[in-house]
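Close look at the chain arrangement
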Amino acid sequence: MKKIYKKHNSFISLKGKYSEDYKDFLKKFNIILKTSSLDKFDSNEKKIITNIKNDISIDEKDNKDGLIKFQIKQNVIDEIKTIEDKDLLKYLIHRYRYEIFPQKKILDDYPPYLQIEPSSVCNYRCVFCFMTDNSFNKKSSGHMGHMKLELFKEIIDQIEGKIEFLSLASRGEPMICPQISEMLNYTVGKFLNLKINTNASLLNEKKIHAILAGGVKTLVISADAADKNLYKKFRVNGELEKVVRNLELFNNIKQNKYSKSKIITRVSGVKFSEDQKFDDMKKFWGGLVDQVAFVDYNPWENSYEKEKNDIIKPCSDLWRRMFIWWDGTTNPCDVDYKSKLSVGKFPDISINDLWNSNIYNNYRNFHLNKKRSTLSPCSSCSVV
């Protein structure tokens, strides 16, 4: 059986103790349930709140025997610490949609998570990334470009109040986008959970101020090593020392200009080699960020060349997230980085209609009926 790709293989929060934080959260949650009016929530949201009360759990063992529980994990606890009490129930509703809807194959009007691609261009050529595909990374391929601010605003206007979890990231490096600062400014106060993923090589004062003054809740830095030679081996064209300097600058600006900021910083790497040691990562990055994580390697760099595997379990991302590329092309995943499975184009089609389109539902039905092998690159992908 092909190794299954997991979102978090190793993860550590460098702030607080999980068991104590969980008890504090549970106490707050119960108080808010007793004292808050639920009139502002619609019938579907009220149903989710009831399900949260019944399904909430700290123990992964609760998921045995097919029982699906709503686990409040370390990363969720850290996010909850940044949320005002008045927004806690709304946050948990959208967290539940993100965690549980894909497991139960529940579909509603909007994706639980949206990934917006400010740029498909990248200054790195990481060995495990599709940027090493020369039929993709050349300007002549038609895949390379930067999102226009007007298109970004149209997306934000359409999802505000409907999708609370989103990332500014996908195939390229978002900090390359010429209008990234203006984009970040347009997100202020609009989302409970906005992440931006970056290799951090292009951070400068202007972009750091935009991140800290904008609507970003979590800054994820893609880095896989605690040694400069190993880092350079994986992150081709990258320099570990430059990334460290940029993070030090980020922390200095945050401390001096945005001392009340609750932004979470995370180093997230791909576990690609036995040379990478998680303990080394924690020690090296621990003084610079709040969290450190490794994800299992999934061969993104050759999605269309890999042999078919024997995985028949449906891909949860078909119910969890949707991607909008720089030019409005909309896709169910970024393993399919050449958009063979594109479901349409925004703004020609609304986000609601794209998510619930016949073509998207056909993909879901193929997976549910154990026919993912008939779709490419689903047939060779190990994400479930």
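Bear in mind that the values here come from a model prediction, so they are computed numbers and not experimental data. (Residues numbered from 1 in each chain as written. Predicted model: local features only at pLDDT ≥ 70, side-chain atom pairs only at ≥ 80, totals over all residues. Heavy atoms only, no water.)

Considering the pattern of salt bridges
For the structure shown, the criterion picks out 16 salt bridges. Its salt-bridge partner being Lys195, residue Glu79 comes within 3.1 Å of it at the nearest N-O pair. Placement of the pair is Glu79 in helix α3 (residues 74-81) and Lys195 in strand β6 (residues 193-198), with a sequence separation of 116 residues. A relative accessible area of 4% means that Glu79 is categorised as buried. You can call Lys195 buried: its relative accessible area is 10%. Between Lys338 and Asp133 there is a salt bridge whose closest N-O contact spans 3.4 Å. (Salt bridge = Lys/Arg side-chain N within 4 Å of Asp/Glu carboxyl O. Helix = DSSP H or I, 4+ residues; strand = E, 2+ residues; numbered from the N terminus. Buried < 20%, exposed > 50% of the residue type's maximum accessible area, 1.4 Å probe, protein only.)

With respect to the packing of helix α1 (residues 18-35) against α3
Running from N to C, α1 and α3 point in directions that differ by 55 degrees, and their axes come no closer than 10 Å. When the interaxial angle is binned, α1 and α3 end up oblique. The hand of the α1/α3 crossing is left-handed. The segment α1 lies against α3, with Tyr18, Asp21, Tyr22 and Phe25 engaging Gln74, Ile77, Ile80 and Lys81. Tallied by class, residues from the contact of α1 with α3 come to five nonpolar, one polar and two charged. (Axes fitted to C-alpha atoms, helices over the stretch in contact; angles between N-to-C directions. Parallel < 35°, antiparallel > 145°, perpendicular 65-115°, else oblique. Left-handed = near helix turned anticlockwise from the far one by under 90°. Contact = heavy atoms within 4.5 Å. Nonpolar A, V, L, I, M, F, W, Y, C, P; charged D, E, K, R; others polar.)

Structural notes on the pairing of β6
Across the six residues that make up β6, a large majority, five, are buried. Here four bridges tie strand β5 (residues 165-168) to β6, and the two strands are oriented parallel to one another. Bridging from a neighbouring strand, Phe165 pairs with Asn193 of β6. Sheet topology places β6 next to strand β7 (residues 218-222); four bridges connect them, and they run parallel. By the bridge assignment for β7, Thr198 is matched with Ile221. Assessed by its sense of winding, the connection that carries the chain from β6 through helix α8 (residues 205-213) to β7 is right-handed. (Pairing = 2+ DSSP bridges. Right-handed = clockwise from strand over helix to strand, strands pointing away.)

Here we look at the sheet that holds β5
The mixed open sheet is built from ten strands, whose spatial order is β1-β9-β8-β7-β6-β5-β4-β10-β11-β12. At either end of the open sheet lies a strand with only one pairing partner, and these are β1 (10-13) and β12 (344-345). Bridge analysis of strand β4 (residues 113-116) against strand β10 (residues 321-324) gives four bridges, and the strand direction is parallel. In the strand pairing of β10, Leu114 is matched with Met322. Against the sheet, α3 engages β1, β6, β8 (264-271) and β9 (291-296), with an angle of about 35 degrees to β1. Helix α6 (residues 149-159) rests against β4, β5 and β10 of the sheet, and its axis sits at about 170 degrees to β4.

Quick word on the nonpolar core
Counting 85 residues, the largest nonpolar core has Leu114, Ile155 and Trp285 as its most contacted members. With residues up to four places along the chain from it excluded, the contact list for Ile155 reads Leu114, Ile116, Met147, Ile324, Phe346 and Ile351. Residues Phe25, Ile48, Ile52 and Phe101 belong to the second largest nonpolar core, which totals 28 residues. (Core = buried A, V, L, I, M, F, W, Y, C linked by side-chain atoms within 4.5 Å.)

Side note on a negative patch on the surface
A surface patch of like charges, here negative, comprises Glu150, Glu154, Asp157 and Glu160. With respect to the helices and strands, the residue Glu150 is situated in helix α6. By relative accessible area, Glu150 is classed as exposed at 53%. (Patch = residues over 30% accessible without salt bridge, like charges linked within 9 Å, V, L, I, M, F, W, Y side chains within 5 Å. Areas by Shrake-Rupley, 256 points an atom, 1.4 Å probe, with all protein chains shown as cover. Lys, Arg positive; Asp, Glu negative; His and termini not counted. Charge placed at Lys NZ, Arg CZ, Asp CG, Glu CD.)

Quick word on helix α14 (residues 358-368)
For α14, the set of buried residues is Tyr360, Tyr363, Arg364 and His367. Buried residues of α14, seen end-on, are gathered within an arc of 95 degrees and therefore sit on one face of the element. Once α14 finishes, Lys370 follows within two positions and takes phi at roughly 60 degrees, a positive value. (Arc of directions from axis to C-beta.)

Regarding helix α11 (residues 278-285)
The complete set of buried residues in α11 reads Phe278, Met281 and Trp285. Looking straight down α11, one finds its buried side chains confined to an arc of 55 degrees; they lie on one side. Counted as exposed and oriented over 90 degrees from the buried face of α11: Asp279 and Lys283. Contacts from the buried residues of α11 go to β1, α10 (240-257), β8 and β9.

Points about the packing of aromatic side chains
Any two aromatic rings considered together are summarised by their centre-to-centre distance and by the angle between their planes. Under the counting rule described, the total for this entry stands at 19 aromatic pairs. Judged by centre distance (5.1 Å) and plane angle (75 degrees), the rings of Phe136 and Tyr337 are edge-to-face. Remark: Tyr337 occurs in the loop between β11 (329-331) and β12 and Phe136 occurs in the loop between β4 and α6; sequence separation between them is 201 residues. You can call Tyr337 buried: its relative accessible area is 1%. Residues Trp355 and Tyr360 carry aromatic rings whose centres are separated by 5.2 Å and whose planes lie at 70 degrees to one another, so their mutual orientation is edge-to-face. In this pair, the class of Trp355 matches that of Tyr360, namely buried. Counting every residue linked through ring pairs, the aromatic cluster contains Tyr18, Tyr22, Phe25 and Phe29. The ring centre of Trp355 lies 4.4 Å from the NZ or CZ of Arg364, which sits over that ring. (Phe/Tyr/Trp six-rings, centres within 6.5 Å; stacked < 30°, edge-to-face > 60°. Lys NZ or Arg CZ within 6 Å of the ring centre and 35° of its normal.)

A look at the packing of helix α2 (residues 43-55) against helix α4 (residues 88-99)
The geometry of α2 relative to α4 is characterised by a closest axis approach of 10 Å and an angle of 80 degrees between their N-to-C directions. Compared by their axis directions, α2 and α4 come out roughly perpendicular. Contact residues: α2 offers Glu45, Ile48, Ile49, Asn51, Ile52 and Asp55, while α4 offers Leu89, Leu92, Ile93, Tyr96 and Arg97. For the contact of α2 with α4, the residue count by class is seven nonpolar, one polar and three charged.

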